[in-house]
Amino acid sequence: MIETKEPDLHAAELTRGRTFAVRFDHGEDFFSSLAGFCRQHDVRQGFVPMFIAGLREVELVATCEKVTDREAPVWSSVHLESVEALGGGTLAYDRETHQVLPHIHVAVGLKHQSASAHTSHLLGAKVQFLTEMHLVEIAGPPMSRVRLADLYDVPQLSF
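Residues numbered from 1 in each chain as written. Predicted model: local features only at pLDDT ≥ 70, side-chain atom pairs only at ≥ 80, totals over all residues. Heavy atoms only, no water.

Asker: What is the right way to read the side chain of Ser-82 from this model?
Answerer: Within the secondary structure layout, Ser-82 lies in strand E3 (residues 77-94). What makes Ser-82 buried here is its relative accessible area of 12%. In terms of polar contacts, Ser-82 uses its side chain to reach the side chain of His-112, at 3.2 Å. Those residues within four positions of Ser-82 in sequence are excluded, and the remaining contacts are Leu-55, Arg-56, Gly-109, Leu-110, Lys-111, His-112 and Gln-128. (Helix = DSSP H or I, 4+ residues; strand = E, 2+ residues; numbered from the N terminus. Buried < 20%, exposed > 50% of the residue type's maximum accessible area, 1.4 Å probe, protein only. Polar contact = N/O pair within 3.5 Å; in protein donor to acceptor, adjacent residues only side chain to side chain. Contact = heavy atoms within 4.5 Å.)

Asker: Would you mind showing me how to read the layout of surface pockets here?
Answerer: The volume enclosed by the largest pocket comes to roughly 450 Å³. In this structure, the largest pocket is lined by 14 residues; those nearest its centre are Trp-75, His-103, His-121, Val-154 and Pro-155. For the lining of the largest pocket, the secondary-structure elements that each account for two or more residues are strand E4 (99-110), strand E5 (116-140), strand E6 (144-148) and strand E7 (154-158). For the lining of the largest pocket, the element with the most residues is E4, which contributes 4 residues. Taken together, the residues that form the lining of the largest pocket break down as 9 nonpolar, 3 polar and 2 charged. Considered as a void within the structure, the second largest pocket measures approximately 240 Å³ in volume. As for the second largest pocket, its lining consists of 13 residues, of which Ala-35, Cys-38, Arg-39, Gln-99 and Val-100 are closest to the centre. Elements with a minimum of two residues in the lining of the second largest pocket: helix H1 (30-41) and E4. If one sorts the elements of the lining of the second largest pocket by residue count, H1 sits on top with 5 residues. A per-class count over the lining of the second largest pocket returns 8 nonpolar, 2 polar and 3 charged. (1 Å grid on protein atoms, 1.4 Å probe; cavity = no way out; pocket = protein on both sides within 12 Å on 5 of 7 lines; lining within 4 Å. Points joined across faces, edges and corners; volume = space filled by probe spheres on them. Nonpolar A, V, L, I, M, F, W, Y, C, P; charged D, E, K, R; others polar.)

Asker: Is there a simple way to think about H1 in this case?
Answerer: Helical periodicity: at 3.6 residues per turn, an α-helix aligns residues three or four positions apart in one direction. For H1, with 12 residues, the first-to-last C-alpha span of 17 Å sits near the 16 Å given by 1.5 Å per residue. Along H1, the positions that sit buried rather than exposed are Phe-30, Phe-31, Ser-33, Leu-34, Phe-37 and Cys-38. Considered in projection along H1, the buried side chains sweep an arc of 160° and stay on one side of the axis. Turned more than 90 degrees off the buried face of H1, the exposed positions are Arg-39 and Gln-40. In this structure, the buried side of H1 is in contact with strand E1 (15-25), strand E2 (46-61), E3, E4 and E5. (Expected span 1.5 Å × (residues − 1). Arc of directions from axis to C-beta.)

Given below as structure tokens:
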């Protein structure tokens, strides 16, 4: 008989806090507005199951250069303009800096190029017309991001 081992999962049962609908307005900086919302409502951690957005411009993790280490994360970015976006992610809290650390991924379509699409980690964005977000606060356990020195210093969600 072949014995199989369950994978070592890193998981925690989450206790939900409040649930919000959030709207960002035309011209706002996405991450500044998200940080302002979190300060105003004392949200330190949570998840964003989904948001829809019209964005004037975005910075996404990407490169057009030759990649020498395909296992390493890409730290450069691509700039795109006039996109429609669908995204989601998590919010963790850094107790040392007292800042919420968002980790947001998006799929964006370039409106003026037949909705040609890109998907990646969102580094920055300016709202065009509107952004509507569903945000769920997590009351516990504490969620943080720990940088893994042996894994290219990638910040990983920790419970």
